[in-house]
Amino acid sequence: MSTHLLGRKPAREAPGINLDPQVALQLGRVHEACGPARRSFAMWLAGQAQGPVLWISPAWEPGQLNPDGMMPFADPARFIFVHPTRAEDVLWCLEEALRSGAIPLVIGDLPGAPGLTPVRRMHLAAEQGGAMGRAPLGLLLTPGDGGAQGVETRWHMAADHAGEVRSWTLTRSRARALPPVSWHATQTKPRAGLNLRQMKTEDARV
């Protein structure tokens with residue numbers, strides 16, 4: 001008698017925040033955004049998410065978000081800012097915020113890419129945070145080309161504005177089950193999200 005080991009039902013897609021039909025970030029996981037426009041990516045994500053946003057950045061970093069620059073993407077009143085004074089407290093705050101499950105989107109604006117162990121701890125914390133309900137999502141902002149180990153996805157964003165048209169080049173450089181791909185992203189009006197057009201290989205960022 002044969003035994004069916006594999007079910008015929010397709011696996012359910014994990015819940016996530018959909019920025020576009022082509023771009024989705026899974027909840028209960030930690031993702032990375034890098035590049036010169038990484039904070040614009042974070043604002044885009046915040047605009048598509050629901051509820052408060054926790055933004056964690058070191059107290060010694062001189063650059064702070066400008067509410068006027070946030071307005072086209074999301075309401076600045078939704079943001080809670082935390083500025084730890086010690087380097088070791090930045091990742092600790094991220095981990096504890098994800099574990100609490102109290103805030104759906106936790107963003108860490110970091111001076112450098114964290115190692116594999118802290119990222120694994122944040123993944124576990126995000127899973128624990130969703131034990132009683134909807135899981136939170138963690139986003140790490142890192143300079144340059146990023147490089148945080150063990151992240152679920154990595155996105156690179158750079159401005160490509162033309163006149164009054166706000167546009168960017170967005171590249172998915174890492175995903176567990178998807179290939180790298182680049183898009184030309186354009187914002188037509190405030191709070192409307194971004195329109196994506198996939199770029200040809202020769203035009204995409206290497």
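Here's a quick rundown of the structure. Since the model is a prediction, treat every value here as computed from it, not as a measurement.

Cut-offs and rules
Residues numbered from 1 in each chain as written. Predicted model: local features only at pLDDT ≥ 70, side-chain atom pairs only at ≥ 80, totals over all residues. Heavy atoms only, no water. Core = buried A, V, L, I, M, F, W, Y, C linked by side-chain atoms within 4.5 Å. Buried < 20%, exposed > 50% of the residue type's maximum accessible area, 1.4 Å probe, protein only. Helix = DSSP H or I, 4+ residues; strand = E, 2+ residues; numbered from the N terminus. Contact = heavy atoms within 4.5 Å. Axes fitted to C-alpha atoms, helices over the stretch in contact; angles between N-to-C directions. Parallel < 35°, antiparallel > 145°, perpendicular 65-115°, else oblique. Nonpolar A, V, L, I, M, F, W, Y, C, P; charged D, E, K, R; others polar. Phe/Tyr/Trp six-rings, centres within 6.5 Å; stacked < 30°, edge-to-face > 60°. Pairing = 2+ DSSP bridges. Salt bridge = Lys/Arg side-chain N within 4 Å of Asp/Glu carboxyl O.

1. Some thoughts on the nonpolar core
At step 1: Counting 35 residues, the largest nonpolar core has Phe41, Leu139 and Leu170 as its most contacted members.
At step 2: Per-element tally for this core: the top contributor is helix H1 (residues 38-48), with six residues.
At step 3: In this structure, Leu170 is in contact with Val23, Phe41, Trp44, Trp155, His156, Met157, Val181, Ser182, Trp183 and Leu196, ignoring residues within four places of it in sequence.
At step 4: Counting 18 residues, the second-largest nonpolar core is a separate cluster that includes Ile56, Ile103, Val106 and Met122.

2. What about the packing of helix H3 (residues 87-100) against helix H4 (residues 116-129)?
At step 1: It is at 6 Å that the axes of H3 and H4 come closest, and there the two elements cross at 25 degrees. As judged from the angle between their axes, H3 and H4 are roughly parallel. Where H3 approaches H4, its residues Leu91, Leu94, Glu95, Leu98, Arg99 and Ser100 are matched on the opposing element by Pro118, Arg121, Met122, Ala125, Ala126, Gln128 and Gly129.
At step 2: Each residue belonging to the contact of H3 with H4 can be placed in one class, and the counts come to seven nonpolar, three polar and three charged.

3. Points about the packing of aromatic side chains
At step 1: Taken as a whole and assessed by the stated rule, the structure comprises six aromatic pairs.
At step 2: Ring geometry for Trp155 against Trp183: centres 6.2 Å apart, planes inclined by 25 degrees, an arrangement best described as stacked. Here Trp183 lies in strand E10 (residues 181-187) and Trp155 lies in strand E8 (residues 153-159), a separation of 28 residues in the sequence.
At step 3: What makes Trp155 buried here is its relative accessible area of 2%.
At step 4: Grouping aromatic residues by their ring pairs yields a cluster made of Phe41, Trp44, Trp155 and Trp183.

4. Looking at the sheet that holds E10
At step 1: Reading across the sheet, the nine strands line up as E5-E4-E6-E7-E3-E8-E9-E10-E11 and stay open at both edges, with mixed pairing between neighbours. One side of each edge strand has no neighbouring strand; the edge strands of this open sheet are strand E5 (79-82) and strand E11 (195-198). Taken pair by pair, the neighbouring strands of this sheet meet at an average axis angle of 25 degrees, ignoring direction.
At step 2: Set on the sheet, H3 makes contact with strand E3 (30-34), strand E4 (53-56), E5, strand E6 (105-109) and strand E7 (137-142); between it and E6 the angle comes to about 175 degrees.

5. Structural notes on the pattern of salt bridges
At step 1: The final tally for this structure, using the stated rule, is ten salt bridges.
At step 2: The residue Asp109 makes a salt bridge to Arg39 at a minimum N-O spacing of 2.8 Å. Of this pair, Asp109 sits in strand E6 while Arg39 sits in helix H1, and the two are 70 residues apart along the sequence.
At step 3: Classification of Asp109 by relative accessible area gives buried; the value is 8%.
At step 4: In this structure, Asp89 engages Arg86 in a salt bridge whose closest nitrogen and oxygen atoms are separated by 3.0 Å.
At step 5: Taking relative accessible area as the criterion, Arg86 reaches 45% and is therefore assigned partly exposed.
At step 6: When salt bridges that share partners are traced, they join Arg29, Glu127, Glu152 and Arg176 into one network.

6. Side note on the pairing of E3
At step 1: With five of its five residues buried, E3 lies for the most part within the structure.
At step 2: A two-sided burial pattern is seen for E3, the buried positions comprising Val30, Glu32 and Cys34 on one face and His31 and Ala33 on the other.
At step 3: Note that E3 and E7 share five bridges and pair parallel. Counted as the bridge partner of His31 is Leu139 from E7.
At step 4: Pairing of E3 with E8 involves three bridges; the strand directions are parallel. Pairing of Ala33 across the sheet is with Trp155, part of E8.

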